[in-house]
Amino acid sequence: MQRPLPTSLLTAAGLALTLALTACSATAASEAKDTRAPSAPAGVTATAGSAGTVHVMWSAATDDRAVTGYAVYREGRKVKDLAATTLMTDVVGLTPATPHTFTVRARDAAGNVSPASTPVTATTLRAAADDRTPPSAPAALRATPEGSRAATLRWTPARDDTRVTAYDVYQADTRIHTVPGTATSAHLTGLRPGTAYAFTVRARDAAENSSPDSAPADLTTASAPGAPPNTAPKDLTATAAKGEITLTWNPPHTGAPVTHYQLHLNGGFATTIIWGTTPPPGLATYTFPVPDPPGTRYTVTLRAQLPDGTWGDFSAPRTVVVR
């Protein structure tokens, strides 16, 4: 026969349950009560790239928890919803030779929306006659690091049969920045310390014809205080021939010969390159077959195995097109 619990124990158990429920409710209420909106995005720019396109960029907003997305508005009407990792977009389908005003708002997970950014205006270009001739590639591209998180690119202007309306900056075959066609430099921010980068620039005209890529410009940002020096392979080149790609590079200085490298294609591991004998002291060369059809694009990076068995920093990427 079961005996009833003493009243004191029942009271204590009830009190404990009440406190637990109260604590859970308080925690849930605290988590739900996110009423603070993100800051308004700053640094908004709008650049007309053609008769029907404007490129809008901005700097990341801040929030007491996390920004989860952005919305772009034209004349006060929302035209784009974007993820928090996206800080630029093209607004298309616009009327030629017309001024348009843009603002950007940030939002968080609770649905709080920031105030609108400072409005910016861009006027689309006049519609051009049928133009199928792309500009020439920008020349003499050079990259200058500015500390550990920024850099400035400079180049010689491209030529076009009408005129260059924009320059697009690419990193590993992805466009990351756009400046007007009158510019010959671009300031990049948000880079990572101690990291090797490769940038290219393309010129664009009012008919959206894009030039070939400029020659790549490499840079390595300064390492964070106390961090070890960068160990990326240097001067990587990637050359395509029929059915194969050949890589050349200079090994990093690690204190010992490098016998193992990891090859990554389009951001994913592809193979390990192993020297069966003593590796060459200078320029290294490696050729591998590619079964993909002509026109397939690859982004190639390498990293070396260090004397302690860990893998070093990635090289600056190279983009190559299968022939």
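Up top you'll find the structure we're talking about.
The structure presented is a predicted model; accordingly, all values stated were derived computationally and were not measured. (Residues numbered from 1 in each chain as written. Predicted model: local features only at pLDDT ≥ 70, side-chain atom pairs only at ≥ 80, totals over all residues. Heavy atoms only, no water.)

Asks: Break down the overall build of the protein chain for me, citing the residues and quoting the values.
Replies: Helix and strand counts for the protein chain come out as one helix and 21 strands. Split into buried and exposed, the 323 residues of the protein chain put 40% on the buried side. Looking at the protein chain alone, contacts between residues at least 24 apart form 64% of all its contacts between residues at least 6 apart. Carbon and sulfur atoms form 56% of the exposed surface of the protein chain, whose accessible area is close to 17,200 Å². (Helix = DSSP H or I, 4+ residues; strand = E, 2+ residues; numbered from the N terminus. Buried < 20%, exposed > 50% of the residue type's maximum accessible area, 1.4 Å probe, protein only. Contact = heavy atoms within 4.5 Å. Areas by Shrake-Rupley, 256 points an atom, 1.4 Å probe, with all protein chains shown as cover.)

Asks: Could you give an account of the nonpolar core, naming the residues involved and the relevant values?
Replies: Ile245, Leu247, Trp249, Tyr261, Leu263, Tyr298 and Leu302 are the most contacted members of the largest nonpolar core, which has 21 residues in total. Of all the elements in the fold, those that place two or more residues in this core are strand E15 (234-241), strand E16 (244-250), strand E17 (260-265), strand E19 (284-289) and strand E20 (297-304). With four residues, the top contributor of residues to this core is E20. Residues in contact with Tyr298, not counting those within four places in the same chain, are Ile245, Leu265, Asn266, Val290, Asp292, Arg318, Thr319, Val320 and Val322. The next biggest cluster of nonpolar side chains, apart from the first, holds 20 residues, and it includes Leu153, Tyr167, Val179 and Leu219. (Core = buried A, V, L, I, M, F, W, Y, C linked by side-chain atoms within 4.5 Å.)

Asks: Outline the pairing of E17, listing residues and values.
Replies: Here E17 lies mainly inside the structure; five of its six residues are buried. For E17 and strand E18 (residues 268-274), the ladder comprises six bridges, and the chain directions are antiparallel. Among the inter-strand pairings, Leu265 is bridged to a residue of E18, identified as Gly268. Linking E17 to E18, which pair antiparallel, is a turn of two residues; within it Asn266 sits at a positive phi near 55 degrees. Direction of pairing for E17 relative to E20: antiparallel, over a ladder of five bridges. Counterpart to Leu263 in the pairing with E20 is Leu302. (Pairing = 2+ DSSP bridges.)

Asks: Quick rundown of the sheet that holds E18? Include the residues and the values.
Replies: The four strands lie next to each other as E18-E17-E20-E21, forming an open sheet whose pairing is antiparallel. Pairing within the sheet leaves two strands with one partner each, and these edge strands are E18 and strand E21 (318-321). For this sheet, the mean angle separating the axes of adjacent strands, direction not counted, is 30 degrees. (Axes fitted to C-alpha atoms, helices over the stretch in contact; angles between N-to-C directions.)

Asks: Residues and numbers for the side chain of Asp160, please.
Replies: In this structure, Asp160 sits in the loop between strand E9 (150-156) and strand E10 (164-171). Of note is the side chain of Asp160, whose polar atom sits 2.7 Å from the side chain of Thr162. At a separation of 3.1 Å, a polar atom in the side chain of Asp160 contacts the main-chain amide nitrogen of Arg163. Setting aside residues no more than four positions away along its own chain, Asp160 makes contact with Asp131, Thr133, Pro134, Pro135 and Asp205. (Polar contact = N/O pair within 3.5 Å; in protein donor to acceptor, adjacent residues only side chain to side chain.)

Asks: Report on the packing of aromatic side chains, specifying residues and quantitative values.
Replies: Summed over all chains, the structure comprises seven aromatic pairs. With a centroid separation of 5.9 Å and 70 degrees between ring planes, the pair formed by Tyr261 and Trp275 is classed as edge-to-face. Taken together, the positions of Tyr261 in strand E17 and Trp275 in the loop between E18 and E19 put the pair 14 residues apart, joining distant regions of the chain. The exposure classification of Tyr261 matches that of Trp275, with both residues buried. Feature note: the residues Trp249, Tyr261 and Trp275 constitute an aromatic cluster, connected by ring pairs. (Phe/Tyr/Trp six-rings, centres within 6.5 Å; stacked < 30°, edge-to-face > 60°.)

Asks: Summarise the environment of Ala207; cite the residues concerned and give the values.
Replies: One can find Ala207 in the loop between strand E13 (196-205) and strand E14 (217-220). When its relative accessible area of 32% is taken as the criterion, Ala207 is described as partly exposed. Distance in space between the C-alpha atoms of Ala207 and Thr133 is 9.0 Å, their sequence separation being 74 residues.

Asks: Break down the layout of surface pockets for me, with residues and values.
Replies: As a volume, the largest pocket reaches approximately 670 Å³. As for the largest pocket, its lining consists of 23 residues, of which Met57, Leu87, Ile176, His177 and Thr189 are closest to the centre. For the lining of the largest pocket, the elements supplying multiple residues, two or more each, are strand E11 (174-180) and strand E12 (185-189). Broken down by element, the lining of the largest pocket gets its largest block of residues, four residues, from E11. Residue classes in the lining of the largest pocket are distributed as 10 nonpolar, 11 polar and two charged. Approximately 300 Å³ is the volume attributed to the second largest pocket. Listing elements by their share of the lining of the second largest pocket, those giving two or more residues are E13 and E20. Looking at the lining of the second largest pocket residue by residue, the classes come out as five nonpolar, nine polar and two charged. (1 Å grid on protein atoms, 1.4 Å probe; cavity = no way out; pocket = protein on both sides within 12 Å on 5 of 7 lines; lining within 4 Å. Points joined across faces, edges and corners; volume = space filled by probe spheres on them. Nonpolar A, V, L, I, M, F, W, Y, C, P; charged D, E, K, R; others polar.)

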